[in-house]
Amino acid sequence: MATTPVPAKIAQRAAKLRTDLDAHNYRYYVEDAPAVSDAEYDTLFRELQALERDYPALATPDSPTQRVGGQAATEFDPVTHRAPMLSLNNAFTNEELEAFDRRVRTALALEEVDYAVEPKFDGLAVSLVYKQGKFTLGATRGDGYTGENVTANLRTVRAIPMRLPAGAPPLLEVRGEVLMLKRDFAALNATQEAAGDKLFVNPRNAAAGALRQLDPTITASRRLAFFSYGVGAVDWGKVKPPATQEALLDLLSALRLPVASQRSVVRRLEGLLGYYRAIGDKRDSLPFQIDGVVYKVNQFAHQERLGFVSRAPRFALAHKFPAEELPTQVLAINVQVGRTGALTPVAQLKPVFVGGVTVVSATLHNEDEVRRKDVRVGDTVIVRRAGDVIPEVVRVLPESRQKNAPQFVLPKRCPECGSKVVRLPDEVIARCSGGLVCPAQRKQALLHFASRRAMDIEGLGDKLVDQLVDAGLVHTPADVYKLDAGALAALDRMADKSAANVVAAIGKSRATTLSRFIYALGIRHVGETTAADLAKHFGTLDALLSADEQALIEVRDVGPVLVQSILQFLAEPHNRDVIAQLRAGGVHWTESAPRQAIRGKFSGLTFVITGTQPTLSRDDAKALIEEHGGKVAGSVSKKTSYVVAGADPGSKLDKAGELGVPVLDEQQLMAMVAHGRIER
DNA sequence: TTACCTCGAGCTCA
DNA sequence: CTCGAGGTAA
């Protein structure tokens, strides 16, 4: 198809409009100083749209008009991050901050360290991939390794450039935060209210909601902002890699990527504290919500030397503002019964809006905790939503205490089934002794059985489980496989179609794996990992069912507590009966040969590693020992066969001396691997 | 723990 | 239109 030639004047005008629109976006989102009103912006935008409509050749993909393209997706594809998106360690107190600075200085052997500092945005972490300067992929953080592809939605974020200026690195993965400016949030809620739609609770949730839209046009209308704070995988190409965090941010900024203008570089602990205070004072006047500040050791060379601890860098710290605390009233203290029968007191609270959400309940953990805080019904308490998201009762306001409000006592009988409540000596948790007689425990056990990581019965959620148990249709997991569509269809909100779906899901779940099955049984202390270990070790269910203490302890990572728990479960005839019924009900899996018991040189031996070995790292040494059938324990006891000591050994070496446990160095350990046991 | 979005399906009323 | 279930995020 022939395209209409574009007159030079028109092309110039389009180019001008494009630069202007981009500049306005930049002023609005990055410099927080809009130069034109929304209406003026719209006029320019529509003019450009009109030009592009008349001359389609002008409509290049990086034009601001092309941000909303394509149609609604049906789901988000998974994206594996080129470099994992790690989380940061948190600090709430000055002491924790001091400890951070001290650790950094010690590790670097420096008197004072420069830190790049910036606000900690309260939004959603995303990764943007630019290839040859073009925005090609945007993803959510997900679990840090795999996120969701939200490219179409991120294209609508005007603060995110579609194209970087010339001279950008050939591959640049930008890390940053998507958020909603306070003023855009207020405007959004105003329109929502005018339209009679639901209001959003806070900017963060509004941003999260916008990003999860399948239809990018909705995302576009929600006006998201973006700030970058780092990079992931990068191919610098001809660009000279920056040597500091500060230089990196300068570079990003030069590439027209938004960077917080409040960033700075400070020196020593005093500098960190000063910045924390300064930002804290400015907090309310900032255009976006923040929940603290972030400190990063400025020099990349230093960062590399500091390295990582498990999933977080040792060179960075998020210093959070104190959690918001508000008073509210305790309406009641309920007692919940968990899957294992654990009784948990839960405070029902008069709803309070704290830390961005409405809190109506907070766990009080256990009886001792309630006593320690002395929470009573009717009290006014201080509630806080801590950094870990879970609401907590901080303390009681003593003056609020009603006269003769009784102290909380855990009921002697289970509130669900009336069975006796027992609390073993040395344990904080009280439990209902009713076992599976207790409907609450039955429901929880069933829910666990059906859950995604266990038997994965789709559609069997808590409401349905409630109904099934209350109606007496299901007593044990085995009964699930005796259900038919007819029985189900008699329940609320369960017409023919739903019933058929649930029956189909139940049928599908019959084909499973041994490891899922073991996990689904809900044996105490047997989680997913242990279930997998057991399945692998024994290979068949019968082998597990007939295992004795001796056989169980040989399983990797299975200790005495686990052994007792498993034996207790298996000793219960009822449990064996349910297992038999499940198999009779058609639950099946492929069994495998039991794992060859490792008949290595070290089988039956327990090692404890202490200090730094000359060549092997702790993990290497552990792997080496396990490879040969040995076990590695954390502390020395009289059951320890050998202690492997390196440089700077800890107290474990002294303990070995006391107990007369033989001590090896790395060389002797290697010799044992090569030649067998050392004769002593 | 709370909030958000999406989907399928049931419920309700015209 | 409303509900339950499932998923994600902090």
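My aim in this report is to walk through the structure given alongside it, one point at a time. (Residues numbered from 1 in each chain as written. Chains lettered and ligands numbered in written order. Predicted model: local features only at pLDDT ≥ 70, side-chain atom pairs only at ≥ 80, totals over all residues. Heavy atoms only, no water.)

### Topic: the protein's contact with DNA strand B
Applied cut-off: Only a single heavy atom is needed: when it lies within 4 Å of a molecule or strand, its residue is near that molecule or strand. Distance and chemistry together define a polar contact, namely a pair of N or O atoms within 3.5 Å, with one atom able to donate a hydrogen and the other to accept it when in protein, and with adjacent residues in sequence counting only for side-chain atoms on both sides.
What surrounds DNA strand B is a group of 22 residues, the closest being Leu214, Thr358, Lys497, Ser498 and Asn501. Counting only atoms of DNA strand B within 4 Å of the protein, the sugar-phosphate share comes to 93%. One nitrogen or oxygen atom from the main chain of Val201 is found 3.1 Å from a phosphate oxygen belonging to DNA strand B. Asn501 is positioned with one of its side-chain polar atoms (N or O) 2.7 Å from a phosphate oxygen of DNA strand B.

### Some words on the side chain of His24
Worth spelling out the cut-off: We count a stretch as a helix when DSSP gives it H or I for four or more residues in a row; a strand needs E for two or more, and each element gets its number in order from the N terminus. The cut-offs for exposure are 20% and 50% of the maximum accessible area for each residue type, with area from a 1.4 Å probe on protein chains only; residues under the lower value are buried, those over the upper are exposed, and the others partly exposed.
For His24, the location among the structural elements is in helix α1 (residues 8-29). For His24, a relative accessible area of 16% translates into the label buried.

### Re the pairing of strand β3 (residues 114-121)
Along any regular strand the residues' side chains alternate between the sheet's two faces. The test is simple: At least two DSSP bridges between two strands are required for those strands to pair.
Where burial is concerned, most of β3 is hidden: seven out of the eight residues are buried. Pairing geometry for β3 and strand β9 (residues 264-267), over four bridges, is antiparallel. When the bridges of β9 are listed, Val117 appears paired with Ser264. Taken together, the seven bridges between β3 and strand β10 (residues 290-297) define a ladder with antiparallel strand orientation. The partner of Phe121 across the bridge, within β10, is Ile290.

### Some thoughts on helix α12 (residues 439-450)
Operational definition: Here a helix's expected span is defined as the number of its residues, less one, multiplied by 1.5 Å. Contacts are assigned to residue pairs with any non-hydrogen atoms lying within 4.5 Å of each other.
The first and last C-alpha atoms of α12 sit 16 Å apart over twelve residues, in line with the 16 Å expected at 1.5 Å per residue. Of the positions making up α12, those classed as buried are Ala440, Gln441, Arg442, Lys443, Ala445, Leu446, His448, Phe449 and Ala450. Those residues of α12 that are buried lie in contact with β14 (325-337), β20 (431-432), α13 (462-470), α14 (477-480), α17 (514-520) and α22 (573-584).

### A short note on the packing of aromatic side chains
As a reminder of what qualifies: Classification of ring pairs uses Phe, Tyr and Trp, with its six-membered ring standing for Trp, and accepts pairs whose centres are within 6.5 Å; under 30 degrees between planes counts as stacked, over 60 as edge-to-face, and the remaining range as tilted. In our convention, an over-ring charge means Lys NZ or Arg CZ found within 6 Å of a ring centre and within 35 degrees of that ring's normal.
What the rule picks out here adds up to eleven aromatic pairs. Between Phe121 and Phe288 the ring centres are 5.1 Å apart and the planes differ by 65 degrees, which places this aromatic pair in the edge-to-face class. Residue Phe121 is located in strand β3, and its partner Phe288 is located in the loop between α9 (268-282) and β10; the two are separated by 167 residues in the primary sequence. With respect to burial, Phe121 and Phe288 carry one shared label: buried. Its end group placed over the ring of Tyr28, Arg223 keeps NZ or CZ at 5.1 Å from the ring centre. Lying over the aromatic face of Tyr26, Arg256 brings its terminal NZ or CZ to 4.0 Å of the ring centre.

### What to know about the protein's contact with DNA strand C
Close to DNA strand C lie 17 residues, the nearest being Gly142, Arg452, Gly459, Asp462 and Lys463. Looking at DNA strand C alone, sugar and phosphate atoms form 81% of those within 4 Å of the protein. Within the contact set of DNA strand C, a phosphate oxygen lies 3.3 Å away from a backbone nitrogen or oxygen of Ala125. Between a sugar or linking oxygen of DNA strand C and a side-chain N or O atom of Arg204, the distance comes to 3.3 Å.

### A short note on unusual backbone geometry
Glycine aside, the phi torsion of most residues is negative, and most peptide linkages are trans. With a phi close to 55 degrees, Arg223 is a non-glycine residue in the positive phi region. Inspection of the secondary structure assignment puts Arg223 in the loop between α7 (216-221) and β8 (225-235). The phi dihedral of His525 is positive, around 70 degrees, even though this residue is not glycine. Mapped onto the fold, His525 is located in the loop between α17 and α18 (528-538).

### Structural notes on α22
Over its twelve residues, α22 extends 16 Å from the first C-alpha to the last, a length consistent with the 16 Å expected when each residue adds 1.5 Å. Packing partners of the buried residues in α22 comprise α12, α14, α17, α19 (541-545) and α21 (560-571). One or two positions beyond α22, positive phi appears at Gly586, with a value near 105 degrees.

### Focus: the sheet that holds β8
Short version of the rule: Axis geometry follows a simple rule: fit a line to the C-alpha atoms, using only the stretch in contact for helices, then measure angles between N-to-C directions, giving values from 0 to 180 degrees.
Taken together, the four strands give an open sheet; going across it, the order is β5-β4-β7-β8, and neighbouring strands pair in antiparallel fashion. Sheet topology places β5 (134-140) and β8 at the edges, where each strand pairs with a single neighbour. Across the sheet, the mean angle separating the axes of adjacent strands is 25 degrees when strand polarity is ignored. For strand β4 (residues 124-131) and β5, the ladder comprises six bridges, and the chain directions are antiparallel. From the neighbouring strand, Lys131 faces β5, where its bridge partner is Lys134.

### A closer look at the pattern of salt bridges
What counts, and what does not: Put simply, a salt bridge is a Lys or Arg side-chain nitrogen that is within 4 Å of an Asp or Glu carboxyl oxygen.
Taken as a whole and judged by the stated rule, the model has 34 salt bridges. Here Asp20 makes a salt bridge to Lys16, at a shortest N to O gap of 2.7 Å. Of this pair, Asp20 and Lys16 are both found in helix α1, four residues apart, which corresponds to roughly one turn of the helix. By relative accessible area, which is 44% here, Lys16 ends up partly exposed. When the shortest N-O distance is used, the salt bridge between Arg212 and Glu148 registers 2.7 Å.

### Quick word on the environment of Ala206
In this fold, Ala206 is placed in helix α6 (residues 203-211). Exposure remark for Ala206: the relative accessible area of 0% places this residue in the buried category. In this view, Ala206 contacts Met180, Phe185, Leu188, Phe200 and Arg222; residues no more than four positions away in its chain are not counted.

### Focus on a nonpolar patch on the surface
Here is the rule: Only residues above 30% relative accessible area that lack a salt bridge enter a patch, with like-charged residues linked at up to 9 Å and the nonpolar side chains Val, Leu, Ile, Met, Phe, Trp and Tyr linked at up to 5 Å. Computed with the Shrake-Rupley method and a 1.4 Å probe, the accessible areas treat only the protein chains shown as cover for residues.
Together, Leu86, Tyr145 and Phe308 give the surface a local cluster of nonpolar side chains, amounting to about 280 Å² of exposed area. Along the polypeptide, Tyr145 turns up in the loop between β5 and β6 (146-148). Look at Tyr145 and you get partly exposed, because its relative accessible area is 41%.

### What about the nonpolar core?
Quick note on the threshold: Remark: nonpolar core denotes a set of buried residues (Ala, Val, Leu, Ile, Met, Phe, Trp, Tyr, Cys) joined through side-chain atoms within 4.5 Å.
With 72 residues, the main nonpolar core has Tyr115, Leu128, Tyr130, Leu154, Phe226 and Tyr295 as its most contacted residues. No other element matches the six residues that α9 contributes to this core. The contacts of Leu154, once residues within four sequence positions are left out, are Val126, Leu128, Phe135, Gly138, Ala139, Ile160, Met162, Val178 and Leu211. Counting residues in each nonpolar core, the second largest holds 52 residues, with Val469, Leu483, Phe538 and Val563 among its members.

### Some thoughts on empty space enclosed by the protein
Unfilled space is identified by rolling a water-sized probe across the atoms. Selection rule: Here a cavity denotes a set of grid points, spaced 1 Å apart and computed over the protein atoms alone, in which a 1.4 Å probe fits but from which it cannot get out, and a pocket denotes an open set meeting protein on both sides within 12 Å along at least five of seven lines; residues with an atom within 4 Å of a point are reported as lining. Grid points are joined across faces, edges and corners, and a volume is the space filled by probe spheres set on the points. Classes in brief: Ala, Val, Leu, Ile, Met, Phe, Trp, Tyr, Cys and Pro nonpolar; Asp, Glu, Lys and Arg charged; the others, Gly included, polar.
Applying the stated rule across the entire model yields two cavities of 30 Å³ or more. Empty space within the largest cavity amounts to approximately 80 Å³. Along its surface, the largest cavity is lined by His24, Asn25, Tyr28, Pro34, Ala35, Val36, Ser37, Asp38, Tyr41, Arg158 and Arg223. Elements represented by at least two residues in the lining of the largest cavity include exactly α1 and α2 (38-54). Residue composition of the lining of the largest cavity, grouped by class: five nonpolar, three polar and three charged. Size it by volume and the second largest cavity reaches roughly 40 Å³.

### Observations concerning the environment of Glu528
Among the structural elements, Glu528 can be located in helix α18. Separated by 377 residues in sequence, Glu528 and Thr151 place their C-alpha atoms 34 Å apart. If we skip the residues at most four places from it in the chain, Glu528 touches Arg453 and Tyr519. Separated by 3.0 Å, the side chains of Glu528 and Arg453 make a polar contact.

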